[in-house]
Structures are given as C-alpha cells and as structure tokens.
Amino acid sequence: MKSVIVSMIAAAGLMVAGSAFADDALLKKGNCMGCHKMEGKLVGPGFKEIAVKYKGDATAQAKLETKVSKGGAGAWGTMPMPAMNNVKPEDVKTMVTHILAMAK
C-alpha cells in the first residue's frame, strides 16, 4: 500500500513538472526568450519580476494577455513590447498563466 501511495505522488509530481516544461517550451516557441529571461532584465523584465508585480491583481491575466497579443509600452520603461500576433490565443493564455504562477 505504501508503495502505491509513493508511486501516485511521484506520478503527480512528474505531471506537474511536465506541464511546466511544456509551458516553458511555449515561451521559447513564441520567441519570448529573445527579450525576457526567467529572472532579471534582458530587454524586458524577467518573468518572475512580472509575476511579482502583478501578484494579487485580479485583472492581471486579461491585461497581460492583451499586452502579449497586441503589444504596448510604459509598464516597464520606454522599450515597447511588440505584438505577438504569431502566437495562438490559447497559447498566450497558457503562457500568461504560467508566468503569473511564478510569483508563488
């Protein structure tokens, strides 16, 4: 019985880790890593800094989905965020959810 429980916990951990890796792959596929890093500024802010800035903001998901899709400027300085119209809306949603989860 104990080995079954340990196996279930291990499987759940692998599923979560696999999901995070898939979401990281979306960030690379969308060319986000050309301007952002996981932590610290590159051209734009690091994803963890974005997550911390918007932690607790109930409107953050929608705001950031719009920013990724349509572009914008002013939230982090003068460098504009280009529109990422090459990324599917469902992928944008997944990426933003993944980024916001980094604040935890």
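A brief report on the enclosed structure follows.

Reading guide: rules and limits
- Residues numbered from 1 in each chain as written.
- Predicted model: local features only at pLDDT ≥ 70, side-chain atom pairs only at ≥ 80, totals over all residues.
- Heavy atoms only, no water.
- Helix = DSSP H or I, 4+ residues; strand = E, 2+ residues; numbered from the N terminus.
- Contact = heavy atoms within 4.5 Å.
- Buried < 20%, exposed > 50% of the residue type's maximum accessible area, 1.4 Å probe, protein only.
- Salt bridge = Lys/Arg side-chain N within 4 Å of Asp/Glu carboxyl O.
- Phe/Tyr/Trp six-rings, centres within 6.5 Å; stacked < 30°, edge-to-face > 60°.
- Lys NZ or Arg CZ within 6 Å of the ring centre and 35° of its normal.
- 1 Å grid on protein atoms, 1.4 Å probe; cavity = no way out; pocket = protein on both sides within 12 Å on 5 of 7 lines; lining within 4 Å.
- Points joined across faces, edges and corners; volume = space filled by probe spheres on them.
- Expected span 1.5 Å × (residues − 1).

Turning our eyes to something else, we now look at the side chain of D91. Tracing the chain through its elements places D91 in helix α4 (residues 89-100). Residues in contact with D91, not counting those within four places in the same chain, are L26 and K29.

Moving on to the side chain of D23. One can find D23 in helix α1 (residues 2-29). Here D23 falls in the buried class, since its relative accessible area comes to 14%. Excluding anything up to four places from it in sequence, D23 contacts T94 and H98.

Under the defined criterion, the tally for this structure stands at two salt bridges. With its nearest N and O atoms 3.3 Å apart, the salt bridge here joins K48 to E39. A salt bridge links K63 to D57; the shortest N-O distance between them is 2.7 Å. Assessed through its relative accessible area of 41%, K63 is described here as partly exposed.

Following the sequence through the fold, M81 ends up in the loop between α3 (60-70) and α4. The spatial distance from the C-alpha of M81 to the C-alpha of S69 is 9.7 Å, given a sequence separation of 12 residues. Those residues within four positions of M81 in sequence are excluded, and the remaining contacts are H36, K67, V68, G71 and G72.

Of note in this structure, N31 is not a glycine but carries a positive phi near 65°. A relative accessible area of 52% means that N31 is categorised as exposed.

Moving on, we get to the packing of aromatic side chains. In total, this model carries zero aromatic pairs according to the counting rule given. Here the guanidinium or amino end of K53 rests over the ring plane of W76, the centre of that ring lying 4.4 Å away.

Our focus in this paragraph is the layout of surface pockets. Computed from the structure, the largest pocket encloses a volume of approximately 500 Å³. If you trace the largest pocket, you find 30 residues lining it, with H36, P45, I50, K67 and M81 closest to the centre. Elements supplying a minimum of two residues to the lining of the largest pocket: α2 (47-54), α3 and α4.

Looking now at α4. Compared with an ideal rise of 1.5 Å per residue, which puts 12 residues at 16 Å, α4 spans 16 Å between its outermost C-alpha atoms and is within 8% of the ideal. Among all positions in α4, only D91, V92, M95, V96, H98, I99 and L100 are buried.

Turning to the environment of A51, a few remarks are in order. Along the chain, A51 falls in helix α2. Its relative accessible area of 0% is what places A51 among the buried residues. Sequence spacing of A51 and A103 is 52 residues, and the spatial spacing of their C-alpha atoms is 4.9 Å. Residues contacting A51, with those up to four places away along its chain left out, are I99, L100, M102 and A103.

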